[in-house]
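As a plain string of letters, each chain reads:
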Amino acid sequence: MQYNSFANWKAPENWHHILTLEMHTGGEPLRIITAGFPELCGKTILEKRQYCLKNYDSLRKAIIFEPRGHADMYAALITEPERETSHFGVLFLHNEGYSTMCGHAIIALSKAAVEAGIFDVIEGENELRIDSPAGLITSYIQVKNNEVVNIRFNNVPSFLALIQQQVVVADLGEITFDLAYGGAFYAYVDADALGLDLSDSNSIAIINMGKRIKAAVQSQFDMAHPFETDLSFLYGVIFISHQQTLSADAHSRNVCIFAEGELDRSPTGTGVSGRVAIHHAKGELVTNEEVKIESILGSYFKVKVVETTKFGPYKAVIPQVSGMAYITGKSEFYIDPEDPLKEGFIFR
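What counts and what doesn't
- Every chain is numbered on its own, with residues counted from 1 as its sequence reads.
- The predicted origin of the model limits local features to residues at a pLDDT of at least 70 and limits the giving and counting of side-chain atom pairs to 80 or more, whereas totals for whole chains, interfaces and linings rest on all residues.
- The basis for the side-chain values is all heavy atoms of the structure; hydrogens and waters are excluded.
- Think of it this way: any DSSP run of H or I at least four residues long counts as a helix, any run of E at least two long counts as a strand, and we number them from the N terminus.
- In this analysis, the expected span of each helix is defined as 1.5 Å times one less than the number of residues it contains.
- Accessible area is worked out with a 1.4 Å probe on protein chains only. A residue is then buried under 20% of its type maximum, exposed over 50%, and partly exposed in between.
- Note on terminology: a nonpolar core comprises buried Ala, Val, Leu, Ile, Met, Phe, Trp, Tyr and Cys residues joined through side-chain atoms within 4.5 Å.
- Start and end positions for the domains come from either an automated domain assignment or a database one.
- Note on ring pairs: Phe, Tyr and Trp rings are taken, using the six-membered ring of Trp, and paired if centres are within 6.5 Å. Classes follow the plane angle, with under 30 degrees stacked, over 60 edge-to-face and the rest tilted.
- Lysine NZ or arginine CZ positioned within 6 Å of the ring centre and within 35 degrees of the ring normal marks a charge as sitting over the ring.
- Two cysteine sulfur atoms make up a disulfide if the distance between them is within 2.5 Å.
- The pairing criterion for strands is at least two bridges between them, as found by DSSP.

J.: In this structure, what is going on with helix α6 (residues 269-281)? I would like to understand it.
T.: Each full turn of the α-helix corresponds to 3.6 residues, which orients residues three or four apart in the same direction. Across its 13 residues, α6 extends 19 Å between first and last C-alpha, which sits within 8% of the 18 Å expected from 1.5 Å per residue. Counting buried residues in α6 gives eleven out of 13 residues, a clear majority hidden from the surface. Within the span of α6, buried status applies to G269, T270, G271, V272, S273, G274, R275, V276, A277, I278 and H279. Looking one or two residues past α6, G283 carries a phi angle of roughly 75 degrees, positive in sign.

So this is what it looks like as structure tokens:
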């Protein structure tokens, strides 16, 4: 009896086989799909996003949902670039569908692209251009002695859309929020004013409150991206605290509840982009003034406004976000066509 021969198992040829590279940025997972996903049709990233939704959404569920993933899993699907000058395109996958932009994923993809040799890397600063559903993202990766020591990226134009609005939430009463876009739309809520504890031990209550506020804002307010209807939806709620930071030099804490109740372990790259757009519009932050924003774990991103611009009818800014990502492993998944739970399941 070979009690230790489980490694000899081989999958039947008719099973679907998917390979991934596993990472995290500030604690937030990223599952990069490296093989096994069909090629997507479409000239633009948004067209590829729609094609994936219509034709391969079952694979998104299989990769994100249990038993291969979990309610807070997040993934990146690499595509052909949209622009001739870009290195690659990307779709972002989560429990509800497909994000428009994702900062923690950009940081992780930047590190992986260097270490996997996606492009020719030099000592010093390297520029990586990624086509996302929200637009072109430019990442700058600092390499010293063949190691990645710093990653920062310039986000898409970000703007304050609505200021100090009130929304009625059942059993919570009237909640005040700002609506901003940082690659996705978020409702920003002052956690200290609500008396909401943003520690990791209070995660379930934070998720529940975030879901309720998101549903209320969606039902009572309309939002529109200046150019793309596919980007015109509320992605999440971000709770802010200036009083509950762990580090003395932290500006504030960000806890984001997005998609179908996902809790971002990182400070949220698109979320901190919206934050600086809000502060800049209110005169609370000047160009090139960098702030450190913590997550629920105490991990952090640094962010600043590097440029002001016009985006449709909005006065907008170009945020620059910096952070670091880490490899956690590689995964090899199979989908048995006879498995009644092959598309997975989810509990929240």
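Once the structure has been displayed, the description carries forward.
J.: Explain the nonpolar core here, please?
T.: It is characteristic of soluble globular proteins that their nonpolar side chains tend to be buried jointly. Counting residues in each nonpolar core, the largest one holds 87 residues, and the members touching the most others are I213, V217 and F239. Per-element accounting of this core gives the leading share, eight residues, to helix α3 (residues 103-115). Here this core spans two domains, and each of domain 1 (5-154 + 327-335) and domain 2 (159-323) adds at least three residues to it. In this structure, F37, F65, L93 and I335 belong to the second largest nonpolar core, which totals 19 residues.

J.: Help me understand the packing of aromatic side chains in this model?
T.: Aromatic ring pairs: the centre-centre distance and the angle between the two ring planes describe each pair. The tally for this structure, following the rule as stated, stands at 16 aromatic pairs. Pairing W9 with Y334 gives two aromatic rings, centres 5.3 Å apart and planes at 75 degrees, and the pair type is edge-to-face. Taken as a pair, W9 in the segment before β1 (16-25) and Y334 in strand β18 (residues 325-335) lie far apart in primary sequence, 325 residues in all. Judged by relative accessible area, which is 26%, Y334 ranks as partly exposed. Centroid distance F177 to F221: 5.1 Å. Interplanar angle 90 degrees. Geometry classified as edge-to-face. Of this pair, F177 sits in strand β10 (residues 173-181) while F221 sits in the loop between α5 (203-220) and β12 (234-241), and the two are 44 residues apart along the sequence. No difference in accessibility class separates F177 from F221, as the two residues are buried. Clustering of aromatic rings is evident, with ring pairs tying together F159, Y181, F185, F227, F311 and Y314. The ring of Y98 is capped by R60, whose NZ or CZ atom sits 5.6 Å from the centre of that ring.

J.: Looking at this structure, I do not really get the state of the cysteines. What am I missing?
T.: Any covalent bond linking the sulfur atoms of two cysteines counts as a disulfide. Counting across every chain of the model gives zero disulfides. Take C52: it sits in no disulfide, and the sulfur closest to it among the cysteines is that of C41, at 11 Å. Given the relative accessible area of 0%, C52 is considered buried. Between C102, a cysteine without a disulfide, and C256, which holds the nearest cysteine sulfur, the sulfur-to-sulfur distance is 9.7 Å.

J.: Which parts of the structure should I look at to understand the pairing of strand β6 (residues 124-132)?
T.: Side-chain positions along a regular strand alternate between the two faces of the sheet. Note: strand β4 (residues 88-93) against β6, two bridges, orientation parallel. Residue G89 lies in a different strand from β6, and its bridge partner there is D131. In this antiparallel pair of consecutive strands, β6 and strand β7 (residues 135-144), the connection spans two residues.

J.: I keep staring at unusual backbone geometry and nothing clicks. Help me out?
T.: Note: most residues except glycine have negative phi, and most peptide bonds are trans. Omega for the bond connecting E66 with P67 falls within 30 degrees of zero, at 5 degrees, which places this linkage in the cis form. By the element assignment, P67 lies in the loop between α2 (57-64) and β3 (75-79). Although it is not a glycine, N288 sits at a positive phi angle of roughly 70 degrees. Residue placement: N288 occurs in the loop between α6 and β15 (291-294).

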